[in-house]
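For reference, the chains in residue letters:
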Amino acid sequence: MSHRAAATFRFVGVRLGGAAVSLLLVLVSAFFIFRVLGGDPVTAMTRDSPATPEQKAALRRELGLDKGLGAQFVDYVREMLSGRLGVSYQSRSPVVEVIWERLPATVLLTGTALVLASGVGLWIGSRAGWRAGSRFDRVHVGVSLTLWSAPTFWLGLVSVMVFGRLLGWFPVNGMRSARGSDGWLAEVVDVAHHLVLPAVTMAAVIYAQYVLVMRSSIMEEKSADYVLTARAKGLRDEVVRRRHAVPNALLPTVTLVFLQLGGVVGGAVLTETVFSWPGLGLLTYQALKIPDIPLLQGTFVFFSAAVIVANTLADIVYRMLDPRVRVS
């Protein structure tokens, strides 16, 4: 095995080991975090249907809440190792099944928002950095930073009031119309119609990160020798930017894209709650109101694992793409 291959295997092994340790810490912390939140699940679940103390005690035994903390931890570890991630207090279904049921809606919403944010952000960032200090640069950087600083729920509520209630252009809750759709094409159009407002709201909040990273990267590439050489050959300024500067400037955005990919699986609690989008974010919000501890633990571990995997992949891919990282 060559020295380079050995170094690569050692690098990947260290990153995978770090990811495994992080995931282990997440598994342990998930058990304790949601037990300090407060609130009694049995009281919350019997609020609308008054129960006798005996019935509450029976429900507490059924949920395993009458056991000591050590016994509950053993049950928690057993459920995690079995892959079921526990059983939801509300639906009485394995948590992993509940998560898989909601996952497609979240991937659709946050994936669409990520594509919009990265596409628009990189396009604006490359032009703003190429003409730093111009009116285009000042206007777009100012707008993106303003939207980035706006709370997601506030921006979502404004979208609901203006484009949903006042103008009536888009539906403001759910993923499908209550009346149903006639045929698969009509259903696709219906889902896309419901998707517009939440996806644009999410994209508006996060696209500034792509603008700033790309702008900074393209400004650094502008002074590189290869760019000066391309200009000396007589190439048009637009061609130099598009064919030479942009491909090299895209490298730092790899990490950002992978970090956002972790968020794609993790979902967006605030956006899904404002628009009643039936994904993992809304599921987490509903579980917090009980609190449905197994469901909260399962979603927490699932979200954290997605971020850990995305970060590990970002480290490995970045090393493959950038020779300077391999040399260091």
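Owing to the predicted nature of the structure, the values given are computational and were not obtained by experimental measurement.

Definitions and limits used
Residues numbered from 1 in each chain as written. Predicted model: local features only at pLDDT ≥ 70, side-chain atom pairs only at ≥ 80, totals over all residues. Heavy atoms only, no water. Phe/Tyr/Trp six-rings, centres within 6.5 Å; stacked < 30°, edge-to-face > 60°. Buried < 20%, exposed > 50% of the residue type's maximum accessible area, 1.4 Å probe, protein only. Helix = DSSP H or I, 4+ residues; strand = E, 2+ residues; numbered from the N terminus. Salt bridge = Lys/Arg side-chain N within 4 Å of Asp/Glu carboxyl O. Axes fitted to C-alpha atoms, helices over the stretch in contact; angles between N-to-C directions. Parallel < 35°, antiparallel > 145°, perpendicular 65-115°, else oblique. Left-handed = near helix turned anticlockwise from the far one by under 90°. Contact = heavy atoms within 4.5 Å. Nonpolar A, V, L, I, M, F, W, Y, C, P; charged D, E, K, R; others polar. pLDDT = per-residue confidence, 0-100. Patch = residues over 30% accessible without salt bridge, like charges linked within 9 Å, V, L, I, M, F, W, Y side chains within 5 Å. Areas by Shrake-Rupley, 256 points an atom, 1.4 Å probe, with all protein chains shown as cover. UniProt positions renumbered as here; feature names shortened; annotations may be inferred. Polar contact = N/O pair within 3.5 Å; in protein donor to acceptor, adjacent residues only side chain to side chain.

Describing the packing of aromatic side chains
Line of reasoning, step 1. One pass over the full model with this rule turns up nine aromatic pairs.
Line of reasoning, step 2. Taking 5.0 Å as the distance between ring centres and 90° as the angle between the ring planes, the aromatic pair formed by Phe31 and Phe32 counts as edge-to-face.
Line of reasoning, step 3. Under the relative-accessibility criterion, Phe31 is labelled buried at 0%.
Line of reasoning, step 4. Ring geometry for Phe163 versus Trp169: centroids 5.9 Å apart, planes at 40°, classification tilted.

Some thoughts on unusual backbone geometry
Line of reasoning, step 1. One non-glycine residue, Leu85, lies in positive phi territory at about 60°.
Line of reasoning, step 2. The residue Leu85 is located in the loop between α4 (69-82) and α5 (95-130) in this model.
Line of reasoning, step 3. Residue class for Leu85 comes out buried when judged on its relative accessible area of 13%.
Line of reasoning, step 4. A positive phi is found at Arg92, a non-glycine position, where the angle reads about 60°.
Line of reasoning, step 5. Summarising the element assignment, Arg92 is placed in the loop between α4 and α5.

A word on the pattern of salt bridges
Line of reasoning, step 1. The full count for this structure, using the stated rule, is 11 salt bridges.
Line of reasoning, step 2. Residue Asp315 pairs with Arg15 through a salt bridge whose shortest N-O separation is 3.3 Å. With Asp315 in helix α14 (residues 293-321) and Arg15 in helix α1 (residues 3-33), this residue pair connects regions lying 300 residues apart in the sequence.
Line of reasoning, step 3. A salt bridge links Arg92 to Glu62; its shortest N-O distance comes to 2.6 Å. Residue Arg92 is located in the loop between α4 and α5, and its partner Glu62 is located in helix α3 (residues 53-63); the two are separated by 30 residues in the primary sequence.
Line of reasoning, step 4. Classification of Arg92 by relative accessible area gives partly exposed; the value is 39%.

Re the packing of helix α6 (residues 135-149) against helix α8 (residues 184-222)
Line of reasoning, step 1. Look at α6 against α8: their axes get within 7 Å of each other, and the N-to-C directions meet at 135°. For the element pair α6 / α8, the angle class is oblique. As for the relative orientation of α6 and α8, their crossing is left-handed in sense. Where α6 approaches α8, its residues Asp137, His140, Val141, Val143, Ser144, Leu145, Leu147 and Trp148 are matched on the opposing element by Ala204, Val205, Tyr207, Ala208, Gln209, Val211, Leu212 and Arg215.
Line of reasoning, step 2. Taken together, the residues that form the contact of α6 with α8 break down as 11 nonpolar, three polar and two charged.

What about the confidence of the model for the protein chain?
Regions with low pLDDT carry predicted coordinates that are not meant to be interpreted in detail.
Line of reasoning, step 1. Summing up the model confidence of the protein chain, the mean pLDDT is 83 and the portion of residues at 70 or higher is 95%.
Line of reasoning, step 2. Averaged over each element, pLDDT in the protein chain is lowest for helix α15 (residues 323-327) (63) and highest for α5 (89).

Looking at a nonpolar patch on the surface
Line of reasoning, step 1. On the surface, a nonpolar cluster with roughly 1000 Å² of combined accessible area is contributed by Phe153, Trp154, Leu157, Met161, Val162, Phe163, Leu166, Leu167, Trp169 and Leu270.
Line of reasoning, step 2. In this fold, Leu166 is placed in helix α7 (residues 152-166).

Some thoughts on the UniProt feature "transmembrane region" (unreviewed entry) in the protein chain
Line of reasoning, step 1. UniProt tags residues 12-37, 103-124, 145-171, 191-213, 249-275 and 295-318 as "transmembrane region" (unreviewed entry).
Line of reasoning, step 2. What you have in residues 145-171 is 74% helix and 0% strand, and the ends, taken at the C-alpha atoms, are 27 Å apart.
Line of reasoning, step 3. Helix makes up 100% of residues 295-318 and strand 0%, and the two end C-alpha atoms of the span are 34 Å apart.

Describing the side chain of Ser118
Line of reasoning, step 1. Counting through the fold element by element, Ser118 comes out in helix α5.
Line of reasoning, step 2. Residue classification places Ser118 among the buried residues on the basis of a relative accessible area of 15%.
Line of reasoning, step 3. Among the polar contacts listed, one links the side chain of Ser118 to the backbone oxygen of Leu114, at a separation of 2.8 Å.
Line of reasoning, step 4. Side-chain polar atoms of Ser118 contact the backbone oxygen of Val115, separated by 3.2 Å.

Some points on the packing of α1 against α4
Line of reasoning, step 1. The contact between α1 and α4 brings their axes to 11 Å, and the two run at 135°. Considering their axes alone, α1 and α4 lie oblique with respect to each other. The handedness of the crossing between α1 and α4 comes out as right-handed. Touching Leu27, Ala30, Phe31 and Phe32 of α1 are Leu69, Gln72, Phe73, Tyr76 and Met80, all from α4.
Line of reasoning, step 2. In the contact of α1 with α4, the residues fall into eight nonpolar, one polar and no charged.

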